[in-house]
Amino acid sequence: MAIYYRGIFFLAASAFLGEGIEVLVNMILARELGSHGLGMYMSILPTIFLIVLLSSFELQVSISKFVAEREERFHRNILYHALTITIIFTSILFLVAAAILPFIPVFNTYHPYVRWLVMILIPVISFTSVARGYFMGMQQMGKIAVSNFLRKIIQLGGLFVLFRFFAFDPEAALLVAIGTLIGSEIIVFLYLIYLFIAQFQQLKRQPFSNLNRKVVRKNLMAVSIPTTGLRLFSAFTGAIQPFIIKAALVRSGMTDILATEQFGMLMGVAMSIGFFPAFIAHSLLIVLIPAVSKTHSQKDYPTLQKMLQQVMKLTVVYGVAAVTLFYFFAPELTSLFFKSATSAVFLQLLWPFFLFHFFIMPLQAFMIGLDMIKEAFIHIVWSTVISFALILWLGSSMDWRMNGVIIGMNTGSVLLALMHYLTICKKIGVSIFMKGLVQKAANR
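1. What about the packing of aromatic side chains?
Under the criterion given, the structure shown has 16 aromatic pairs. An angle of 90 degrees between the planes, with centres 5.9 Å apart, marks the rings of F163 and F168 as edge-to-face. Judged by relative accessible area, which is 11%, F163 ranks as buried. Classification of F168 as partly exposed rests on a relative accessible area of 33%.

Structure below.
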């Protein structure tokens, strides 16, 4: 448990600094790109994240889980097979992307170089995922924390220097913003790969045992494939969400330009502020996956119950405080980006979305660690379908418009958090209200 808490502290501290930098990044983007340019930037991000997800193949999750469950003498063999899988998968994905990306219409309204910048991400993210997975499984969260902070500070520094000393037209400015984001990922790649090679050399000098190749690959694929499917669905829906929201707003009578500007204020301002405290939830996610996996493999259900209680209490404390602050100080916070009362209203109306999102991330870590990826996927599908249906229905109404969109987003977040929580309680044998722990789970 000491390692567990230390890992959370390192990640949360670096993530706090990183989120602070993220706010500064979005402030620079808002001022340099304008409301329409920021809307364009936020619209392409889900597509880029979708490609990042495919490139990672969720190896950081499967490797961290497998490493946490196995003795150190098996780690060298696990990493060898993981690297083999990565090389094969990356080569195939790179060739497929080279053939398909030129024909994806999403990129048509952006600078031609954007497509090729995204191509660079494929091998970078793939091999970074292997290093991340190993360090997560070994609970070496300091390295992960530094890499997360490094990405943000490089992006901020790049944007500040380029926009401070050079002038760009709108299309070039958008290219610079995207290029800086990708450049920061390359720096993180170089940092983690350097540490990974040094660690791997140490493993080669230690006594080791081999696992059957099929066993290793089967275990890695058993987590990577369904987790990738889960994340792929989320990333795909995230990629189409901007178009669904803007389509609903246009159907309600808004012009396309106004719909894009409102979406930019929603995602670039309200979401940037509201997701700031999520650095704690993300830190819990990273630490909990290997911790829950190891505890579950040992059938230690009392410890799992205690971990869930602690996570829920922590999330209630910081989550309620955060959304209360956002609600009462929304005008002051959003004015750091734009002098617009609209974005302040968006931030206030989204408080249920943010609060329950803070719960979703650690709960999803429990679902993965408890080998309940299938159930997590079903939950995400249902919550997304209901959320999108409400967005299209209410957002298309002249009486609701963006308020209807926000109702749909809030509903999806609340529904997903509740489904995850109830399923986990049943699995580990804890009552819904965290009272009277039962021991039935011990017999599972």
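Don't stop here, the text continues.
2. A short note on the nonpolar core
Residues Y41, I178, L308, L350 and F366 are the most contacted members of the largest nonpolar core, which totals 141 residues. Each residue touching I178, except ones within four places of it in the same chain, is listed here: Y41, I44, I48, Y110 and V114.

3. Description of helix α9 (residues 278-297)
Structural remark: α-helix, 3.6 residues per turn; residues separated by three or four positions point the same way. With 20 residues, α9 extends 28 Å between its outermost C-alpha atoms, agreeing within 8% with the 28 Å of an ideal straight helix rising 1.5 Å per residue. For α9, a buried count of 17 out of 20 residues is recorded, marking the element as mostly surrounded by other parts of the structure. The positive-phi residue at the C-terminal boundary of α9 is K299, with phi of around 60 degrees.

4. Details of the pattern of salt bridges
Going through the model one piece at a time under the given rule, you end up with three salt bridges. Residues K65 and D371 are paired through a salt bridge, measuring 2.9 Å at the closest nitrogen-oxygen approach. Taken together, the residues span a long stretch of sequence, with K65 in helix α2 (residues 59-69) and D371 in the loop between α13 (351-369) and α14 (373-395) at a distance of 306 residues. Accessibility expressed as a relative area gives 5% for K65, which makes it buried. D371 gets classed as partly exposed once you look at its relative accessible area, which sits at 48%. Among the ionic pairs, R151 bridges to E185, the shortest N-O distance being 2.9 Å. One end of the pair, R151, is in helix α5 (residues 141-165); the other, E185, is in helix α6 (residues 170-204), and 34 residues separate them in sequence. Taking relative accessible area as the criterion, E185 reaches 16% and is therefore assigned buried.

5. Brief notes about α5
A rise of 1.5 Å per residue sets the reference length of α5, with its 25 residues, at 36 Å; its end C-alpha atoms lie 36 Å apart and thus fit the reference within 8%. Those residues of α5 that fall on the buried side of the exposure criterion are M141, I144, A145, S147, N148, R151, K152, Q155, L156, L159 and F163.

6. A look at the packing of helix α12 (residues 341-349) against α13
Axis angle and axis distance: for two packed helices, these are the angle between their axes and the distance between the axes, and together they describe the pair. α13 packs onto α12 with a crossing angle of 50 degrees between their chain directions and a minimal axis gap of 5 Å. Classified by the angle between their axes, α12 and α13 sit oblique to one another. Here L347, Q348 and L349 of α12 lie close against α13, whose contacting residues are W351, P352 and F354. In terms of residue class, the contact of α12 with α13 is made up of five nonpolar, one polar and no charged.

Cut-offs used in this document
- Residues numbered from 1 in each chain as written.
- Predicted model: local features only at pLDDT ≥ 70, side-chain atom pairs only at ≥ 80, totals over all residues.
- Heavy atoms only, no water.
- Phe/Tyr/Trp six-rings, centres within 6.5 Å; stacked < 30°, edge-to-face > 60°.
- Buried < 20%, exposed > 50% of the residue type's maximum accessible area, 1.4 Å probe, protein only.
- Core = buried A, V, L, I, M, F, W, Y, C linked by side-chain atoms within 4.5 Å.
- Contact = heavy atoms within 4.5 Å.
- Helix = DSSP H or I, 4+ residues; strand = E, 2+ residues; numbered from the N terminus.
- Expected span 1.5 Å × (residues − 1).
- Salt bridge = Lys/Arg side-chain N within 4 Å of Asp/Glu carboxyl O.
- Axes fitted to C-alpha atoms, helices over the stretch in contact; angles between N-to-C directions.
- Parallel < 35°, antiparallel > 145°, perpendicular 65-115°, else oblique.
- Nonpolar A, V, L, I, M, F, W, Y, C, P; charged D, E, K, R; others polar.

The analysis is restricted to geometry; functional conclusions fall outside its scope.
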